[in-house]
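Chain by chain, the residues:
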Amino acid sequence: AQKVTQAQTEISVVEKEDVTLDCVYETRDTTYYLFWYKQPPSGELVFLIRRNSFDEQNEISGRYSWNFQKSTSSFNFTITASQVVDSAVYFCALSYFNKFYFGSGTKLNVKP
Amino acid sequence: SQTIHQWPATLVQPVGSPLSLECTVEGTSNPNLYWYRQAAGRGLQLLFYSVGIGQISSEVPQNLSASRPQDRQFILSSKKLLLSDSGFYLCAWSVGVSTDTQYFGPGTRLTVL
């Protein structure tokens, strides 16, 4: 069975701090994809990144970076020098046969 | 470019009334379409998905139904709403294989009173 766990329900940081959002997944499949989405207060989910199970290279996009480790079944997301605009709920997801399995989300509060 | 629309944006309905939420996608053909529900402060629950016209898969037994009358149109319906149907309903699309990225619409916030 597929499962995604985001153990951090809510995180609060002060602007300019770095923050890491954890994501742990379970699957027996060897080929799968992992995603991160951002849900700002407006509600729409915004796609951030997609990573396949064969690509363990870390990725950096501006202040965002992702660390994928198959050995620990984790796909963590780090925001460097956080900003108030980063305040949102962040979801990690695993795709498998037409279905996405979403974690329960981590609410990030960035205070000025 | 592709865009996805949902309407209405907000809806307040009494218990026992019918429901119809609409989702349309522009700029792509034969998309996979999805309906999700998000209860307040919770994660996303997949309700239905469709890989083609008239092809609907239901994930959760409930008083909701979905239809796909046209290639890029996905409708979520109910004959009689329950209080527990309140939530944020999101439509999403993807193309190609099941592992492709899903892109979400702006959502409909439904309150059942």
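Figured I'd write up the structure that's included with this text.

In this section: the pairing of strand 9 (residues 74-79) of chain A. Residues and elements named next belong to chain A. Of all the 6 residues making up strand 9, 5 are buried; the element is thus mostly covered by neighbouring parts of the structure. In this sheet, strand 9 lies alongside strand 3 (residues 19-21) in antiparallel orientation, the contact comprising 3 bridges. When the sheet's bridge partners are listed, Thr20 is paired in strand 9 with Thr78. Bridge count for strand 8 (residues 64-69) against strand 9 is 6 bridges, and the pairing is antiparallel. The residue of strand 9 that forms the bridge with Gln69 is Ser74.

Turning our eyes to something else, we now look at the interface of chain A and chain B. Every contact between the two is made by 19 residues of chain A and, on the other side, 23 residues of chain B. Between chain A and chain B the total buried area reaches about 1,700 Å² when both faces are included, carbon and sulfur atoms providing 54% of it. For the interface between chain A and chain B, the tally reads 2 salt bridges. Salt-bridge contacts for Asp100(B) lead to Arg50(A); the nearest nitrogen and oxygen are separated by 3.5 Å. Seen at the junction of chain A and chain B, the total is 3 residue pairs in polar contact (both at pLDDT 80 or more). Sorting the residues of the side of chain A that touches chain B by element identifies strand 5 (33-39), strand 6 (46-52), strand 10 (88-96) and strand 11 (99-102) of chain A as the ones contributing at least two each. The dominant element in the side of chain A that touches chain B, judged by the number of residues it contributes, is strand 5 of chain A, at 4 residues. Across the side of chain A that touches chain B, the residue classes break down as 9 nonpolar, 7 polar and 3 charged.

Here we take up the side chain of Ser53(A). Residues and elements named next belong to chain A. Mapped onto the secondary structure, Ser53 falls in the loop between strand 6 and strand 7 (59-61). Of note is the side chain of Ser53, whose polar atom sits 2.9 Å from the backbone oxygen of Thr30. Non-local contacts of Ser53, meaning those with residues more than four positions away in its chain, are made with Thr30, Thr31, Tyr32, Phe68 and Lys70.

All right, on to the packing of aromatic side chains then. For the structure shown, the criterion picks out 25 aromatic pairs over all chains. For the pair Tyr25(A) and Phe68(A), a centre-to-centre distance of 6.3 Å together with 45° between the ring planes defines the contact as tilted. Placement of Tyr25(A) in strand 4 (residues 24-26) and of Phe68(A) in strand 8 is noted, with a sequence separation of 43 residues between them. With a relative accessible area of 3%, Tyr25(A) lands in the buried category. Assessed through its relative accessible area of 2%, Phe68(A) is described here as buried. A network of ring pairs unites the aromatic residues Phe35(A), Tyr37(A), Phe47(A), Phe91(A), Phe100(A), Phe102(A), Tyr34(B), Tyr36(B), Tyr49(B), Trp93(B), Tyr103(B) and Phe104(B) as a single cluster. Cation over ring: Arg109(B) sits above Phe88(B), and NZ or CZ is 4.2 Å from the ring centre.

Conventions and cut-offs
- Residues numbered from 1 in each chain as written.
- Chains lettered and ligands numbered in written order.
- Predicted model: local features only at pLDDT ≥ 70, side-chain atom pairs only at ≥ 80, totals over all residues.
- Heavy atoms only, no water.
- Buried < 20%, exposed > 50% of the residue type's maximum accessible area, 1.4 Å probe, protein only.
- Helix = DSSP H or I, 4+ residues; strand = E, 2+ residues; numbered from the N terminus.
- Pairing = 2+ DSSP bridges.
- Contact = heavy atoms within 4.5 Å.
- Buried area = accessible area lost by both parts, 1.4 Å probe.
- Salt bridge = Lys/Arg side-chain N within 4 Å of Asp/Glu carboxyl O.
- Polar contact = N/O pair within 3.5 Å; in protein donor to acceptor, adjacent residues only side chain to side chain.
- Nonpolar A, V, L, I, M, F, W, Y, C, P; charged D, E, K, R; others polar.
- Phe/Tyr/Trp six-rings, centres within 6.5 Å; stacked < 30°, edge-to-face > 60°.
- Lys NZ or Arg CZ within 6 Å of the ring centre and 35° of its normal.

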